[in-house]
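Here's the letter readout for the chains.
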Amino acid sequence: MEQGSVDVTESRSAVGGVIVTPRSGRPKVSAWFAWIAVTPFAWWAVVRLGGLESGSFTAQLMTATPYAVLASLVALLLAVLSRRRLAIAVAVAATASLAAAVIPRMTASAQPAADGPTLRVLSANLLFGRADAEAVVNLVRRVRPDVLSAQELSPAAVAELDEAGLKELLPHRVLHDEFGAGGSGLYARYPLTEVTGMFQAIGHNMPAARLTLPGGGQVELVAVHTYPPLGPRMTALWREGLRALPSAPSEGPYRILAGDFNASLDHAEFRGLVERGYVDAAEASGKGLIPTWPANRRVMPPIITIDHVLADRRLAVTGYEVHTLPRTDHRAVFTELRLPR
């Protein structure tokens, strides 16, 4: 070797686990750095696919699974740059598994044949009854729901909504209003009959009622509001509350659950509920990734989807929308359903 020459095969620089070889100019990630990036997403995929969100932390974390799909692509890139086959294989498996869980929510699914009457359902969490009553009623005027499921319905909110005109638009109601977060209610355009004994509510008030449609058809509705999975005790009650919700019947009146479930399709307990005879209206419409919470924050936009309309799978989902209401931290969800004749 002549004096002053440099052997480029031995000359390398490393910063933050990324090694650059001058000859090729191509970066190479160290194995340990790649594994640090890949391991969290591999764990996430195992928990999500296995339904292993046993504690409060993992239950809350699972709601961010759609974002984990995107973040896992960075880990996959680092694994590829490490040129470690095992790390690449694990990263590919993790990304593919997470994507397989999320992507179906972006595509509308085939609906059952239904040429009967249309039923429009609106659900809104009113944040301790503080939501703008005029805005709620204006939304009712625009989307013309046959049913409104209201959560966190306070006695004051009941009076304000009626004063704003809800009494004329949706005159029939079964209300379990209460101060704080515990109140809920069902408002309807057509006659409602309260149903008791359908299930044991675990969480906030969850009234159930039977709606009689013009022509005699009947639909059973539940205003859902389970506890959030915050801390060990609340997480246990959240899980029990989802399990206690009624299944959809295979015959007889159709059943719809609408409200704030404090759960997403990335929770095993919620998926288990859906599998008991329901379809998630947002997912069936290909709009299952539209977030509903938190709303009206100055800094943080809505990031997770925890408000749902679960429709009896015998019904066809023909429309789905999400609307922002002032002075509440939840976005309202609206769906249009078609009943068999």
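Everything below is about the structure printed above this text.
Bear in mind that the values here come from a model prediction, so they are computed numbers and not experimental data.

Analysis parameters
Residues numbered from 1 in each chain as written. Predicted model: local features only at pLDDT ≥ 70, side-chain atom pairs only at ≥ 80, totals over all residues. Heavy atoms only, no water. Patch = residues over 30% accessible without salt bridge, like charges linked within 9 Å, V, L, I, M, F, W, Y side chains within 5 Å. Areas by Shrake-Rupley, 256 points an atom, 1.4 Å probe, with all protein chains shown as cover. Salt bridge = Lys/Arg side-chain N within 4 Å of Asp/Glu carboxyl O. Helix = DSSP H or I, 4+ residues; strand = E, 2+ residues; numbered from the N terminus. Buried < 20%, exposed > 50% of the residue type's maximum accessible area, 1.4 Å probe, protein only. Core = buried A, V, L, I, M, F, W, Y, C linked by side-chain atoms within 4.5 Å. Contact = heavy atoms within 4.5 Å. Pairing = 2+ DSSP bridges. Axes fitted to C-alpha atoms, helices over the stretch in contact; angles between N-to-C directions. Expected span 1.5 Å × (residues − 1). Bend = angle between axes of the 7 residues up to and from the residue.

Asker: Break down a nonpolar patch on the surface for me, citing the residues and quoting the values.
Answerer: Judged by side-chain polarity, Tyr 67, Val 299, Met 300 and Ile 303 come together as a nonpolar surface patch covering roughly 390 Å² of accessible area. As for its position among the elements, Tyr 67 is in helix 3 (residues 65-82). By relative accessible area, Tyr 67 is classed as partly exposed at 41%.

Asker: Hey, could you go over the nonpolar core for me, with residue numbers and the actual values?
Answerer: Leu 119, Leu 192, Leu 211, Val 219, Leu 221 and Ile 256 are the most contacted members of the largest nonpolar core, which has 28 residues in total. What Leu 221 contacts, discounting residues up to four positions off in sequence, is Val 147, Leu 186, Leu 192, Pro 207, Ala 208, Ala 209, Leu 211 and Ile 256. Grouped together as the second largest cluster of nonpolar side chains are 24 residues, Leu 122, Ala 124, Ala 133 and Leu 325 included.

Asker: Hey, could you go over the pairing of strand 14 (residues 316-323) for me, with residue numbers and the actual values?
Answerer: Strand 14 sits mainly inside the fold: 6 of its 8 residues count as buried. Of the strand pairs in this sheet, strand 14 and strand 15 (residues 332-338) are connected by 7 bridges, and their pairing is antiparallel. Residue Tyr 320 lies in a different strand from strand 15, and its bridge partner there is Thr 335.

Asker: Describe the sheet that holds strand 14, listing the residues and the values that go with them.
Answerer: In spatial order, the strands read 6-7-5-4-15-14; together these 6 strands make up an open sheet with mixed pairing. Taken across any chain shown, the strands that pair with only one partner, and hence form the sheet edges, are strand 6 (172-176) and strand 14. Here the average twist between neighbouring strands, direction ignored, is 10°. Note: strand 5 (residues 147-151) against strand 7 (residues 184-188), 5 bridges, orientation antiparallel. Each bridged residue has a counterpart across the sheet, and for Ala 150 the counterpart in strand 7 is Gly 185.

Asker: With reference to specific residues and values, describe helix 1 (residues 31-50).
Answerer: In this model helix 1 runs 27 Å from its N-terminal to its C-terminal C-alpha over 20 residues, within 8% of the 28 Å that 1.5 Å per residue would give. At Val 38, helix 1 shows its largest bend, some 30°, and a proline, Pro 40, comes one to four positions later. Of the positions making up helix 1, those classed as buried are Ala 34, Ala 37, Val 38, Phe 41, Trp 44, Ala 45, Val 47 and Arg 48. Trailing helix 1 by a residue or two, Gly 51 shows a phi angle of about 60°, which is positive.

Asker: Summarise the pairing of strand 7; cite the residues concerned and give the values.
Answerer: Across the 5 residues of strand 7, 5 count as buried, placing the element largely inside the fold. Residues of strand 7 alternate between two faces, with Ser 184, Leu 186 and Ala 188 on one and Gly 185 and Tyr 187 on the opposite face, all of them buried. Taken together, the 5 bridges between strand 6 and strand 7 define a ladder with antiparallel strand orientation. Note on strand 7: the bridge partner recorded for His 176 is Ser 184.

Asker: Would you mind going over the sheet that holds strand 9 (residues 208-212) in detail, with residue names and values included?
Answerer: What the 6 strands build is an open sheet, ordered 8-9-10-11-13-12; its pairing is mixed. The open sheet is flanked by strand 8 (192-194) and strand 12 (278-280), the only strands paired with a single partner. Within this sheet the neighbouring strands show an average axis-to-axis angle of 25°, counted without direction. Sheet analysis places strand 8 next to strand 9, joined by 3 bridges and oriented antiparallel. Among the inter-strand pairings, Leu 192 is bridged to a residue of strand 9, identified as Leu 211.

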